[in-house]
Amino acid sequence: QVQLVESGGGLVQAGDSPRLSCAASGRTHYTATMGWFRQAPGKEREFVAAIIWSGEGTYYTNSVKGRFTISRDAAKNTVYLQMNSLKPEDTAVYYCAASRLDRPVVIAQTYADWGQGTQVTVSS
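Criteria and cut-off values
- Residues numbered from 1 in each chain as written.
- Predicted model: local features only at pLDDT ≥ 70, side-chain atom pairs only at ≥ 80, totals over all residues.
- Heavy atoms only, no water.
- Buried < 20%, exposed > 50% of the residue type's maximum accessible area, 1.4 Å probe, protein only.
- Helix = DSSP H or I, 4+ residues; strand = E, 2+ residues; numbered from the N terminus.
- Pairing = 2+ DSSP bridges.
- Core = buried A, V, L, I, M, F, W, Y, C linked by side-chain atoms within 4.5 Å.

Asker: Quick rundown of the pairing of strand β4 (residues 33–39)? Include the residues and the values.
Answerer: Where burial is concerned, most of β4 is hidden: six out of the seven residues are buried. Note: β4 against strand β5 (residues 46–52), six bridges, orientation antiparallel. Counted as the bridge partner of glycine 35 is alanine 50 from β5. In this structure, the hairpin formed by β4 and β5 is closed by a connection of six residues, where glycine 42 is found at a positive phi of approximately 80 degrees. Here β4 runs beside strand β9 (residues 92–99); their pairing, made up of seven bridges, is antiparallel. Bridge assignment links glycine 35 to a residue of β9, and that residue is alanine 97.

If you want it as structure tokens, here you go:
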């Protein structure tokens, strides 16, 4: 099992650019991909971004492409999501997840380990 703890969420204004962090611990040697998902009330959980741990390939959903950047610090076992120019429609609980698949993974069910989520609320 991989333990994931997100941080960095909170109440922000439209146009703000916070950075989310996800610290991983436990059996992290098997993790090949780290992803960020988000879920708003009454909506399905959706893919946001993912990073291939070894090759540093990154992938983004169209709604955040050009605004969000996913990165990792291997020494700290931490993945980040830099979110720029936030919009009210970005409001959601953001989840960090770990997968053993070293390929673009956009399906939530393929991630075995999840963090507790961090709320990001964007006011206009």
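Asker: Talk me through unusual backbone geometry; I want residue IDs and the actual numbers.
Answerer: Although it is not a glycine, asparagine 77 sits at a positive phi angle of roughly 50 degrees. Mapped onto the elements of the fold, asparagine 77 is located in the loop between β7 (68–73) and β8 (78–83).

Asker: Summarise the nonpolar core; cite the residues concerned and give the values.
Answerer: Met34, Trp36, Val79, Leu81 and Tyr94 are the most contacted members of the largest nonpolar core, which totals 27 residues. Residue assignment for this core shows that the elements contributing at least two residues are β1 (2–7), β3 (19–26), β4, β5, β7, β8, β9 and β11 (118–123). The element best represented in this core is β9, accounting for four residues.

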